[in-house]
Amino acid sequence: MATMEEQYRGACTETGSEVNEDIARCLAESTEGVVDLRGKGSLRPLLKPCRVTDQDLPALVQVLGNNTSVTDLSLAYQPITDAGCTTLAQLVEKNTTIQKLSLRSNSFGPAGAEQLAAALQLNTSIKSLGLNGCIIERAGGMAVAATLQINSVLEELDLGNTSIDIPCLIALTTVLNANTTLTTLNIDRPLIKSTQEESIVHFAHCLRVNTGLKSLSLKKCKITNFGAARLVEHLARNKTLQHLDLSCNQISRDGAVELASCIASHPSLISLNLSNNRIESAGAAAIASALPSSKITHIGLASNSIDADGIQALADMLGTAGNLESLSIWGNPGVSGLTVNNDACQAMSLHLDRLKSDVRAYVVDGKCYLAQLDS
């Protein structure tokens, strides 16, 4: 039986396409059902060069259309446009084994997303779809939301940084009131111009009734204390959410106090990311007091204006928070700023050996300091 590389070269001949040696190499190197055709960039220096354009897709789709061994296909960071999505939609309709499809940071827009969404209504295998960084805007977002009403296979959906707006977010929450298949949703950095937090209120109501979502990322959604309170209000009725990312929002002390009351008693929440907010020491102390009675295994509190008192409160809690496995605190003045305190750093250092953390302890002239660990 011909290899995928050989099939691809033959398909290029049949379609009259020029052989893309990058694609041929990647197909030859593919193993265990994974075809990695990610584009190389400054953030991915270890990847070998690979560039896939619209013109390369007919031959590639011809090879993968009837393939039954590939389960994971990445075409991330490529210049695929709306025209290329016409060809990719054929693959989505035809292939029955690809379970994970990443199209992150491509060049297609709303029209391309609409074509892919229509194809997904007929697809029976794709469980994970990544569109992060594709500017699909309202039309594309609405098409994806409509697909979720029909598709009962998709489990993971990444719509972060896609310029979807409030009507799209509300449409998604409406669908999720009934959809129980989707378990992971990322809507980071939507296009929100209003300060009324309508979309967050809708997501809060959605969490009240949804029984499928286990992971929800609301990073950079302009959530304030009001939005945090609405989420907490309805999370009290939710029994399934495990991971909640609220980083890079506008939550301060009062919002942290609300969230603390939630995590203390929530039956399933094990991860909460509040990094890059402004909860300060009072908020950190409230979170700390809730952790011993919670099921939280990871808490993100980096860059939150927490001074030495807050770091001390967290350190005091660590001895009794038996479930906690991971803690991020770098970027707070109590760790790396003017209010660094030897006693607080020393107290925190006693627990770092058992935790996965973004800091490590070191001693200079008899004083304890915390330094950031390389990510």
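Quick caveat: nothing in here was measured; it's all calculated off a predicted structure.

Student: Where do I start with the overall build of the protein chain in this structure?
Tutor: When helices and strands are counted, the protein chain shows 14 helices and 14 strands. Against the compact-globule benchmark of 21 Å for 375 residues, the protein chain has a radius of gyration of 23 Å, which places it among compact chains. Along the first, second and third principal axes, the C-alpha set of the protein chain runs to 70 × 50 × 35 Å. Looking at the protein chain as a whole, 51% of its 375 residues qualify as buried. Within the protein chain, counting contacts between residues at least 6 apart in sequence, those at least 24 apart form 81% of the total. Surface exposure of the protein chain reaches about 16,300 Å², of which carbon and sulfur atoms provide 49%.

Student: How should the nonpolar core be read in this particular structure?
Tutor: Soluble, globular proteins show a tendency: their nonpolar side chains are buried together. Among the nonpolar cores identified, the biggest contains 115 residues, and Leu37, Leu246 and Met348 are the most heavily contacted of them. Ranked by the residues each element gives to this core, the list is headed by helix α7 (residues 166-176), at seven residues. Excluding residues within four positions of it along the chain, methionine 348 makes contact with Ile311, Leu314, Ala315, Leu318, Leu327, Ile329 and Leu370.

Student: Looking at this structure, I do not really get the packing of helix α6 (residues 137-150) against α7. What am I missing?
Tutor: For any two helices packed against each other, one specifies the inter-axial angle together with the distance between the axes. Following both chains from N to C, one finds α6 and α7 inclined at 5°, their axes separated by 9 Å at the closest point. The orientation of α6 with respect to α7, classified from their angle, is roughly parallel. Residue-level inspection shows Glu137, Arg138, Gly141, Met142, Ala145, Leu148 and Gln149 of α6 in contact with α7, the latter providing Pro167, Cys168, Ala171, Leu172 and Val175. Class assignment for the residues of the contact of α6 with α7 results in eight nonpolar, two polar and two charged.

Student: Which parts of the structure should I look at to understand the sheet that holds strand β3 (residues 100-102)?
Tutor: By way of backbone hydrogen bonds, the strands of a sheet pair with one another, either parallel or antiparallel. The 12 strands lie next to each other as β1-β2-β3-β4-β5-β6-β7-β8-β9-β10-β11-β12, forming an open sheet whose pairing is parallel. Only two strands of the sheet have a single neighbouring strand rather than two, namely β1 (34-36) and β12 (356-357). As paired strands, strand β6 (residues 184-186) and strand β7 (residues 215-217) are joined by three bridges and run parallel to one another. Bridge pairing links leucine 185 to leucine 216 in β7.

Student: Explain helix α8 (residues 198-209) to me, please; I cannot follow it from the model alone.
Tutor: The α-helix advances 3.6 residues per turn, and as a result positions three or four apart in sequence lie on the same side. Across its 12 residues, α8 extends 18 Å between first and last C-alpha, which sits within 8% of the 16 Å expected from 1.5 Å per residue. Buried residues of α8: Ser199, Ile200, Phe203, Ala204, Cys206 and Leu207, and no others. Looking straight down α8, one finds that the buried residues subtend no more than 160° of arc, so they occupy a single side. For α8, the elements touching its buried residues are α7, β6, β7 and α9 (225-235).

Student: Teacher, can you tell me more about the state of the cysteines here?
Tutor: Two cysteines whose sulfur atoms are joined by a covalent bond form what is called a disulfide. A full pass over the atoms with the stated rule returns zero disulfides. Not engaged in a disulfide, the cysteine cysteine 12 finds its nearest cysteine sulfur in cysteine 50; these two sulfurs lie 13 Å apart. Free of any disulfide, cysteine 345 has its nearest neighbouring cysteine sulfur in cysteine 368, separated by 5.6 Å. The class of cysteine 345 is buried, set by a relative accessible area of 0%.

Student: Mind showing me how you'd approach the pattern of salt bridges here?
Tutor: Side-chain pairs of opposite charge can arise where the charged atoms are in close proximity. Overall, the coordinates contain 10 salt bridges when judged by the stated rule. Linking arginine 138 and aspartate 165 is a salt bridge whose minimum nitrogen-to-oxygen distance equals 2.7 Å. Of this pair, arginine 138 sits in helix α6 while aspartate 165 sits in the loop between β5 (156-158) and α7, and the two are 27 residues apart along the sequence. Residue classification places aspartate 165 among the buried residues on the basis of a relative accessible area of 12%.

Student: Sorry if this is basic, but what is going on with the packing of aromatic side chains here?
Tutor: One pair of aromatic rings is described through two measures. These are the centre distance and the angle between the planes. All told, the structure shown has one aromatic pair when counted by the stated rule. Their ring planes at 25° and their centres at 5.7 Å tell us that tyrosine 362 and tyrosine 369 sit as a pair that is stacked. Owing to a relative accessible area of 33%, tyrosine 362 belongs among the partly exposed residues under this scheme.

Student: Just to check I follow, could you spell out unusual backbone geometry for this structure?
Tutor: Note on backbone geometry: most residues besides glycine have negative phi, and most peptide bonds are trans. Positive phi outside glycine occurs at lysine 222, with the angle close to 60°. One non-glycine residue, glutamate 280, lies in the positive phi region at around 60°. Along the polypeptide, glutamate 280 turns up in helix α11 (residues 280-290).

Conventions used here
- Residues numbered from 1 in each chain as written.
- Predicted model: local features only at pLDDT ≥ 70, side-chain atom pairs only at ≥ 80, totals over all residues.
- Heavy atoms only, no water.
- Helix = DSSP H or I, 4+ residues; strand = E, 2+ residues; numbered from the N terminus.
- Rg over C-alpha atoms; globule rule 2.2 N^0.38 Å.
- Buried < 20%, exposed > 50% of the residue type's maximum accessible area, 1.4 Å probe, protein only.
- Contact = heavy atoms within 4.5 Å.
- Areas by Shrake-Rupley, 256 points an atom, 1.4 Å probe, with all protein chains shown as cover.
- Core = buried A, V, L, I, M, F, W, Y, C linked by side-chain atoms within 4.5 Å.
- Axes fitted to C-alpha atoms, helices over the stretch in contact; angles between N-to-C directions.
- Parallel < 35°, antiparallel > 145°, perpendicular 65-115°, else oblique.
- Nonpolar A, V, L, I, M, F, W, Y, C, P; charged D, E, K, R; others polar.
- Pairing = 2+ DSSP bridges.
- Expected span 1.5 Å × (residues − 1).
- Arc of directions from axis to C-beta.
- Disulfide = S-S within 2.5 Å.
- Salt bridge = Lys/Arg side-chain N within 4 Å of Asp/Glu carboxyl O.
- Phe/Tyr/Trp six-rings, centres within 6.5 Å; stacked < 30°, edge-to-face > 60°.

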